[in-house]
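# Report on the structure
Each chain, written out:
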Amino acid sequence: FVGTPAPSCQRGSRLVSRVSAEYLERLGPKDSDVPFQSSGATGASVDVTFKKRPFGILRYQPGQGGKGAMAMEIIPKSRYPGDPQGQAFSSGVKSGWVVKSINGQDVLNEDFHKIMDLLDDEVADPRFSKSTALALEKQGGRLAEPASEPLSVTFAEIPGYVYKGAELTQDGQDGFSR
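In this report, we go over the structure that sits alongside the text. (Residues numbered from 1 in each chain as written. Predicted model: local features only at pLDDT ≥ 70, side-chain atom pairs only at ≥ 80, totals over all residues. Heavy atoms only, no water.)

## Some points on the overall build of the protein chain
Each helix and strand counted, the protein chain has four helices and eight strands in total. Written out in order from the N terminus, the α and β elements of the protein chain read α-β-β-β-α-β-β-α-α-β-β-β. Buried positions account for 33% of the 178 residues belonging to the protein chain. Long-range contacts, defined as pairs at least 24 residues apart, comprise 75% of the intrachain contacts of the protein chain with a sequence gap of at least 6. (Helix = DSSP H or I, 4+ residues; strand = E, 2+ residues; numbered from the N terminus. Buried < 20%, exposed > 50% of the residue type's maximum accessible area, 1.4 Å probe, protein only. Contact = heavy atoms within 4.5 Å.)

## Details of the environment of phenylalanine 89
Mapping phenylalanine 89 onto the fold places it in helix α2 (residues 87-90). Of the residues examined, phenylalanine 89 reaches a relative accessible area of 42% and is grouped as partly exposed. Separated by 15 residues in sequence, phenylalanine 89 and isoleucine 74 place their C-alpha atoms 6.7 Å apart.

## Focus: the nonpolar core
Core analysis: the largest hydrophobic core is formed by 23 residues, its most contacted members being Phe50, Val93, Val99, Ile102, Leu119 and Phe155. With ten residues, the next largest nonpolar core counts Ala41, Met70, Ala156 and Ile158 among its residues. (Core = buried A, V, L, I, M, F, W, Y, C linked by side-chain atoms within 4.5 Å.)

## Section: unusual backbone geometry
Phi is mostly negative for residues that are not glycine, and the peptide bonds are mostly trans. A cis amide bond links arginine 53 with the next residue in sequence, proline 54, at an omega value of -10°. Within the secondary structure, proline 54 is located in the loop between β1 (45-50) and β2 (57-62). Here glutamate 149 and proline 150 are connected by a cis peptide whose omega angle stands at -5°. For proline 150, the location among the structural elements is in the loop between α4 (129-139) and β6 (151-156). In this structure, aspartate 120 takes a positive phi of about 50° despite not being glycine.

## Some details on the pairing of strand β4 (residues 98-102)
Extensive coverage of β4 is indicated by the burial of four of its five residues. Bridging between β4 and β6 involves four bridges; their strand directions are antiparallel. Residue pairing across strands places valine 99 opposite phenylalanine 155, the latter belonging to β6. Relative to strand β5 (residues 105-106), β4 runs antiparallel, the two being bridged by two bridges. When the bridges of β5 are listed, isoleucine 102 appears paired with glutamine 105. Between β4 and β5, which follow one another and run antiparallel, lie two residues, and asparagine 103 among them has a positive phi close to 50°. (Pairing = 2+ DSSP bridges.)

## Regarding the side chain of glutamine 87
The residue glutamine 87 is located in helix α2 in this model. With a relative accessible area of 12%, glutamine 87 lands in the buried category. At a separation of 3.4 Å, a polar atom in the side chain of glutamine 87 contacts the main-chain carbonyl oxygen of proline 54. A distance of 3.0 Å separates a polar side-chain atom of glutamine 87 from the backbone oxygen of proline 84. Those residues in contact with glutamine 87, other than ones at most four positions away along the chain, are Phe50, Lys51, Lys52, Pro54 and Phe55. (Polar contact = N/O pair within 3.5 Å; in protein donor to acceptor, adjacent residues only side chain to side chain.)

## Remarks on the pattern of salt bridges
For the coordinates displayed, the defined rule picks out five salt bridges. Two residues, aspartate 83 and arginine 79, come together in a salt bridge whose shortest N-O distance is 2.8 Å. Residue classification places arginine 79 among the partly exposed residues on the basis of a relative accessible area of 45%. Residues joined by salt bridges that share partners form a network here, namely Asp33, Arg59 and Glu73. (Salt bridge = Lys/Arg side-chain N within 4 Å of Asp/Glu carboxyl O.)

Note that every value here comes from positions in space, so none of it alone points to a role or purpose.
This is how it looks when you write it as structure tokens:
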């Protein structure tokens, strides 16, 4: 159809950021996510050393108020010895554990996006590299530089917290899915 384009204020002008449905499906919040306070991570803690990126944690959830980060979806196996995407699984990381510290720095009450920048735990996807660069530029850059490898990450449990998300299964094409 030919006609005058709709004014920009009708669609999308009030969105914080534009992302694809695929991105939201992969990394966005899920109905099963249970809100949490990162300060409640007072249970048992586990120290894990990640030698290289990515670690095998596919999704993190921000705590209430955007503070703290919880590991939500872990790749459930290591494909081969030394597989970087199997590090979390091999180290025993569980869905529902909160990131307590990174290289000795307490991050329980840090901004979620700063924690994500410190971890820099994303599988590089060339389809998103330009949009990621533009988003970082618009934001004014990273909130923190990625922590140096090897990363020493301490995870802690929230007593009584029960992870209610789906367990990942191998999909035979791109890796793992819900």
